[in-house]
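# Structural features, examined
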Amino acid sequence: MAQERQAAIVGIHEYPLRVAPGVSAMNIKVDSIRAALDDAGLKWSDVDAIYDAQDGEAGGGLQLAAYLGLRPTILDTTQVGGSSYEFHAAHAMRDIAAGKCNVAVLSYGSTSASNRVAIGTGGRVTPAPNWAANMEMPYGATLIANYAMVKQRHMHEYGTTDEQFAGISVATRHHAMRNPEAVKAMTDLQFVGVNEITPRDVLDSRVVADPLHLLECCMISDGGGALIIASADVARGCRKPPVWLIGAGEATKYRENGGDITTSAGAQSGPIAFAEAGVAPDEIDIAMIYDSFTITVAVCLEDLGFCPKGEIGPYVEGGRLAFDSGEGPALNTDGGGLSSNHPGMRGIFLLLEGARQLRGESTSQVPGARLAVAHGNGGLLGGTHTGGTVILAKD
Amino acid sequence: MANRPQPRFPEPHTEPFWEGAQQGELRYQRCDSAGCESDVVFYPRQHCPACGGNDLSWHVSKGEGSVYTFSVVRQNRMPGFIDLGAYSVAYVDLDEGFRMMSSVVGVDDPTTDIAIGQRVRVDFEKQDEGDYPIPVFRPI
């Protein structure tokens, strides 16, 4: 199937700080949008579409348009957790192809670190009585415990070991140490040991929720960013080479009686995206996979087809995920949520680093990188979640 | 002793489940629509997720099942859990075919004494405050 090249990422910006006291989430969004437009060589008034995950103090979407002073003809406020931005990219690709808009902006801002939001270990309090809360609140299942239950089952069913999971943390830290913003992030967030790590280090870190160790869990940072997606016509006049969106898939998955908790929504969204793009997983140079935890990456790589279900352990052994392994795919070359940036919804950073790689701008650049996949996982991997897969191609 | 968060009402889907818990019954639903191939319905709902129908009936589980997966939480600052120390969260597959979130209790050390596949039986744990005992599971 021929690749349709109708929409491209033309402008990117990642907010440089992970601890930004005194800065609002809306400041982060606006600063990032301005910088991403500048990166593209576009003007504020060129924006005719807003995709927003309803983050920021003002409440996103409708309020964001008002705050920015724009009158977009597309306003898409899809909020599906951390994969919202892959959904946004998919929708922007579709809307641009349909001729509904030409310059789409996606933005994110969060001050989770400065506000001390306990994303992984805090209570999940809901405002009004509802069926889900009534069945789960009594058991104190933290977000980390939910993901940990997936890892527990994966280890049981396929014999995957802690050492094999740790390889995912080792690869992303290897990349983080080459990224000055990630090093500053770990320093500002007072990581114990801002250095390369070994599987032993991961296994020796404390258990937060069995069987997940601290170094298998993403950081909680401030941060944000923005990206501009434009039509082919607009992209031709932009400053940087376009990074084409050539395939996208969306899916949702939830826990079912008798269901398999080790299979994620990616098993549905991945094949849709790859089929639309007309490429196969083994052609992918860069795998930007939502690394909320090691188990998230493990399950999603399997579900996207990089290896058969249950075989992620042997697949990652030997360090193939490192950008300089010569094997590939290179995983989360910015340092990932584990070691660079996770303010709560990491999906936008997957697209940003994917675009950097295909422009040749990464701090862990894979020579000649042509194809990247950005796969976001939003919600709870062991419960209700979404998967958004976007395939990116170099011009 | 136990101070878990209580279910909150009005909440029409889960009210029959929790009335059951007060009577020592672990309740679940089945779809009675003609031609529907669904087996059990759980979480409690007012429709069948297989056929969309609303002809559901309540049943009482024998309360026995197997641990599908679990985690042991070492860090949770929520009231009711902050003082528990390490505690388990589990998905239990009941023999009638439904899977529910719960906790496996009554073991010396949850980090070593719980396993996937372990047979467990429901127990209705009385709470210090609130009207509803919470269904938890103990190894058989």
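The text that follows walks through the structure, step by step, so that each part is easy to find. Numbering of residues starts from 1 in each chain and follows the order in which that chain's sequence is written. Naming scheme: in the order in which they are written, chains are lettered from A and ligands are numbered from 1. For a predicted model such as this one, the threshold for reporting local features is a pLDDT of at least 70, and the threshold for listing and counting side-chain atom pairs is 80 or more; totals across whole chains, interfaces and linings nevertheless cover every residue.

## Some words on the overall build of chain A
- Scanning chain A for helices and strands turns up 14 helices and twelve strands.
- The reference for a compact globule is 2.2 Å times residues^0.38; the radius of gyration itself is calculated from the C-alpha atoms. On C-alpha atoms alone, chain A measures out to a radius of gyration of 19 Å, which is about the 21 Å that the 2.2 N^0.38 rule sets for 395 residues.
- Expressed along its principal axes, the backbone C-alpha trace of chain A runs to roughly 50 × 50 × 45 Å.
- Among the 395 residues that make up chain A, the fraction classed as buried is 60%. Starting at the N terminus, helices and strands are each numbered in turn, a helix being any DSSP run of H or I of at least four residues and a strand any DSSP run of E of at least two. Three exposure classes are used. Buried residues have 20 or more other C-beta atoms within 10 Å of their own C-beta, exposed residues have 12 or fewer, and partly exposed residues fall in between, all C-beta atoms being placed from the backbone.

## What to know about the nonpolar core
- Note on definitions: a nonpolar core is a set of buried residues drawn from Ala, Val, Leu, Ile, Met, Phe, Trp, Tyr and Cys, linked by C-beta atoms within 7 Å. The biggest cluster of nonpolar side chains holds 150 residues, and the ones touching the most others in it are Ile228, Ile229 and Leu245 of chain A.
- Placing a C-beta atom from the backbone of each residue, one calls two residues in contact when those atoms lie within 7 Å. Apart from the residues within four sequence positions on either side, Ile229 of chain A is in contact with Ala7, Ala8, Ile9, Ala89, Ala92, Ile96, Ala104 and Leu245 of chain A.

## Side note on helix α3 (residues 84–97) of chain A
All names here are of chain A.
- Expected helix span is taken as 1.5 Å per residue step, with the number of steps being one fewer than the number of residues. Its 14 residues give α3 an end-to-end C-alpha distance of 20 Å, which sits within 8% of 20 Å, the value for a rise of 1.5 Å per residue.
- For α3, a buried count of twelve out of 14 residues is recorded, marking the element as mostly surrounded by other parts of the structure.
- Two residues or fewer past α3, Gly99 is found with a positive phi of approximately 75°.

## Section: the packing of α3 of chain A against helix α14 (residues 347–359) of chain A
Residue and element names in this part refer to chain A.
- Interhelical geometry of α3 versus α14 gives an angle of 60° and a closest axis separation of 6 Å. Between α3 and α14, the angle is such that the two are oblique. Residues Ser84, Tyr85, Glu86 and Ala89 of α3 form the contact with α14, whose own contacting residues are Gly347, Ile348 and Leu351.
- Each residue is assigned to one class: nonpolar for Ala, Val, Leu, Ile, Met, Phe, Trp, Tyr, Cys and Pro, charged for Asp, Glu, Lys and Arg, and polar for all the others, Gly among them. Looking at the contact of α3 with α14 residue by residue, the classes come out as four nonpolar, two polar and one charged. Interaxial angles span 0 to 180 degrees and are taken between N-to-C directions of axes, which are lines fitted to C-alpha atoms, for helices over the stretch in contact. Under this scheme an angle from 65 to 115 degrees is roughly perpendicular, one under 35 degrees roughly parallel, and one over 145 degrees roughly antiparallel; angles in between are oblique.

## So, the interface of chain A and chain B
- Tallying the contact residues gives 30 residues for chain A and 37 residues for chain B.
- Contributing elements (two or more residues each) for the side of chain A that touches chain B: α4 (131–136), α5 (143–158) and β5 (207–209) of chain A.
- Within the side of chain A that touches chain B, the residues separate by chemical class into 15 nonpolar, eleven polar and four charged.

## Examining the sheet that holds strand β7 (residues 222–231) of chain A
Residue and element names in this part refer to chain A.
- If you trace the ten strands from one edge of the open sheet to the other, you get β3-β2-β4-β7-β1-β8-β12-β11-β9-β10, paired in mixed fashion. Among the strands making up the open sheet, the edge pair consists of β3 (74–76) and β10 (330–331).
- Here, strands pair whenever DSSP counts at least two bridges between them. Relative to β7, strand β4 (residues 103–111) is paired through nine bridges, and the arrangement is antiparallel. Each residue of the ladder has a partner; that of Ser107, found in β7, is Ala226.
- Contacts between helix α11 (residues 294–304) and the sheet are confined to β9 (286–289), β10, β11 (371–379) and β12 (385–394), with β11 contributing the most and set at about 125° to the helix.

## Some thoughts on unusual backbone geometry
Residue and element names in this part refer to chain A.
- Each neighbour pair has its own omega, and for Asp210 with Pro211 the value is -5°, a cis peptide bond.
- On the secondary structure map, Pro211 appears in the loop between β5 and β6 (212–213).
- Between Gly328 and Pro329 the backbone carries a cis peptide bond, its omega angle lying at 0°.
- In this structure, Pro329 sits in the loop between α12 (312–316) and β10.
- One non-glycine residue with positive phi stands out, namely Gln54, at about 65°.
- With respect to the helices, strands and loops of the structure, Gln54 is situated in the loop between β2 (49–52) and α2 (62–68).
- On the basis of neighbour counts, which here come to 15 C-beta atoms within 10 Å, the residue Gln54 falls in the partly exposed class.
- We note that Arg116 has phi near 55°; this positive angle belongs to a residue other than glycine.

## A short note on the sheet that holds strand β2 (residues 40–41) of chain B
All names here are of chain B.
- Read from one edge to the other, the open sheet built from three strands follows the order β2-β1-β3, with strand pairing classed as antiparallel. Edge positions in the sheet fall to β2 and β3 (56–60), since each of these pairs with one other strand and no more.
- Direction of pairing for strand β1 (residues 27–31) relative to β2: antiparallel, over a ladder of two bridges. Paired with Arg30 across the strands is Val40, a residue of β2.

## Brief notes about the pairing of β12 of chain A
All names here are of chain A.
- In terms of burial, β12 is largely enclosed, as nine of its ten residues are buried.
- As judged from the ten bridges shared by strand β8 (residues 243–253) and β12, these two strands associate in the antiparallel manner. Directly across from Ala251, in β12, lies its bridge partner Gly387.
- Direction of pairing for β11 relative to β12: antiparallel, over a ladder of nine bridges. What sits directly across from Gly379, in β12, is His385.
- If you look at the hairpin formed by β11 and β12, you'll find five residues sitting between the two strands.

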